[in-house]
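Each chain, letter by letter, is given below.
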Amino acid sequence: MSARTFSDQAISVQDSSDDNQLVISFRLLLGLYAIIPLCLLLQLFDGWFWSGVLQQNLPSSPEQFLLFQVLFGTPHIVASSILLASNAEYLKVYKPKIMFMTASIVMIFGVGSLFIPYKVLYLIVAAWTVHHVLKQQIGVGRGLYRLPDWAFYLLLWLSVTAGIFVYIGIFLKNSLDVQQLEWIKLVAGGLCVAMIGSALLCQRYATTAMGRWFLWSNVLLVLSSFYLFMQQYYFLAILVPRLVHDATAYVFYVVHDYNKHHRQPQNFIYRYAARCHLPIFIVLPIASFLLAFVLQSYGDSAVNSVTELFFGVEIRKAITVGLLGYLALMHYYTESFTWKHGSPYRRFIAFSK
C-alpha cells in the first residue's frame, strides 16, 4: 500500500489510485503554530507603528463577531458531529456513551440551571473548553516527545490551569473588580512560569528535534495567549489557540474521511458528493461551514417563527445556545475517546514526520 502525506501539495482526487492512503504529517501540524509569531508581530507592530489602532478596533472577545463564530469554533464542532452521525457503525459503537452524556447535559445544564448559579455553569464550560483544546494539542505531540505519564500530565495540567485563568480573565473581566483581575493575572503568570519549568524538565525525554519543537510550540501556545491577554489584545489571545486547534482538527477529519471513503463512499454524504464530482477533501469543510453559518445566522429566528406560529411562545437562542451548546459539550466528550488508539476512527489515521 502506498502512503501519501497530507502536506503534499500535489494531492488530488483525480491522480490518486484506489490503494492510496493519506498520512498526517507532523510537519504540517507543526506549521499550524505559525499563527503564534504572526499574532505577536501584529501586536508589536500595532504598538510600534499603528498607535494602537488594531487594539482599539478589535472586539474585546471573539464572540462579539458572528463572523468569528462562523469561521472558528462552531464549524469544527459541527464537522465532528457530522462525522459521527453520518457513519452508522460509529453511532452503534458509541450509542450508550452518547445517551449517557445527553442525559448528563440535560440534568446539569437543563435541570441544574434552575438552582446552580450561572457563573458556576460558565466556569464548568470554560474549564472543559480549555482542557479540550490543550489536551488535543499536547496529546497530538505525545507520540513525538514520548513523555512518561507523570511528565505528560504535569505539563498538561499546568497548561490547562494557566489557560483557564487566562480564559476567565478575558471573558469575565467585565464582572471582576480590579483586585480580582490582578489576582487572576498573578496566578496565570505563576502557572506559566511553572509550565516553562516543567517543559525544561520534560524536554530531556524528547529525543528528536521534531519532538522538542512540538513540545515548545505547545508551551508557546499558552504563553502567547497569556502575553496577549496581559497586553489587552483579547481577540488575538483567543484566536491563537482557537485557530491552531480548529485547523488541527480539520486535518484529522479530512484525512479520516479521505481514507475511509475514497475507494467506495460509505455514507450518503460521500455518495452524493461522488455523484456531484466533488473532491473528498472539501466535502466535510464545506458542509460544516455552511451548516454552521445557517444555524448561527438563521437558526434562532427560524425556531422562533415556528414556535410563535404554532404555540404563541418565543424560545430565545434555541439554536445558538441550545443546539450548538449541546453539540459543543458532546464534542468535548466524544473527542476524548473517539481518536484514541484502537478506536474505529483510528483505523483510518496514520502519521509521518
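Quick note: structure is the one above.
These figures come from a predicted structure and were not determined experimentally. (Residues numbered from 1 in each chain as written. Predicted model: local features only at pLDDT ≥ 70, side-chain atom pairs only at ≥ 80, totals over all residues. Heavy atoms only, no water.)

Let's talk about the overall build of the protein
Thought 1: Along the backbone of the protein there are 15 helices and three strands.
Thought 2: The C-alpha atoms of the protein give a radius of gyration of 21 Å, which matches the 20 Å a tight globule of 353 residues would have.
Thought 3: The C-alpha extent of the protein, read off along each of the three principal axes, is 65 × 60 × 45 Å.
Thought 4: When the 353 residues of the protein are sorted by exposure, 49% land in the buried category.
Thought 5: Here the analysis covers contacts within the protein between residues at least 6 apart in sequence; of these, 71% occur between residues at least 24 apart.
Thought 6: Taken as a whole, the protein presents about 17,800 Å² of accessible surface, with 67% of it coming from carbon and sulfur.
Thought 7: Of the charged side chains in the protein, 24 are positive and 16 negative; the average position of the first set lies 9 Å away from that of the second. (Helix = DSSP H or I, 4+ residues; strand = E, 2+ residues; numbered from the N terminus. Rg over C-alpha atoms; globule rule 2.2 N^0.38 Å. Buried < 20%, exposed > 50% of the residue type's maximum accessible area, 1.4 Å probe, protein only. Contact = heavy atoms within 4.5 Å. Areas by Shrake-Rupley, 256 points an atom, 1.4 Å probe, with all protein chains shown as cover. Lys, Arg positive; Asp, Glu negative; His and termini not counted. Charge placed at Lys NZ, Arg CZ, Asp CG, Glu CD.)

Regarding the nonpolar core
Thought 1: The biggest cluster of nonpolar side chains holds 101 residues, and the ones touching the most others in it are L29, L147, I170, F214, F229 and Y253.
Thought 2: Residue contacts for L147: discarding those within four places in its chain leaves R142, F152, L155, C202, Y205 and L215. (Core = buried A, V, L, I, M, F, W, Y, C linked by side-chain atoms within 4.5 Å.)

Re the environment of I108
Thought 1: Structurally, I108 is set in helix α6 (residues 88-111).
Thought 2: Along the sequence, I108 and L121 sit 13 residues apart, while their C-alpha atoms lie 8.5 Å from each other.
Thought 3: When residues no more than four places from it in sequence are discounted, the contact partners of I108 are S113, I116 and L121.

A word on the packing of aromatic side chains
Thought 1: The tally for this structure, following the rule as stated, stands at 24 aromatic pairs.
Thought 2: When the centroid spacing of 6.1 Å and the interplanar angle of 85° are considered together, the rings of W150 and Y205 count as edge-to-face. Of this pair, W150 sits in helix α9 (residues 149-171) while Y205 sits in the loop between α10 (178-202) and α11 (209-230), and the two are 55 residues apart along the sequence.
Thought 3: Classification of Y205 as partly exposed rests on a relative accessible area of 24%. (Phe/Tyr/Trp six-rings, centres within 6.5 Å; stacked < 30°, edge-to-face > 60°.)

Just distances and angles here, no functional claims.
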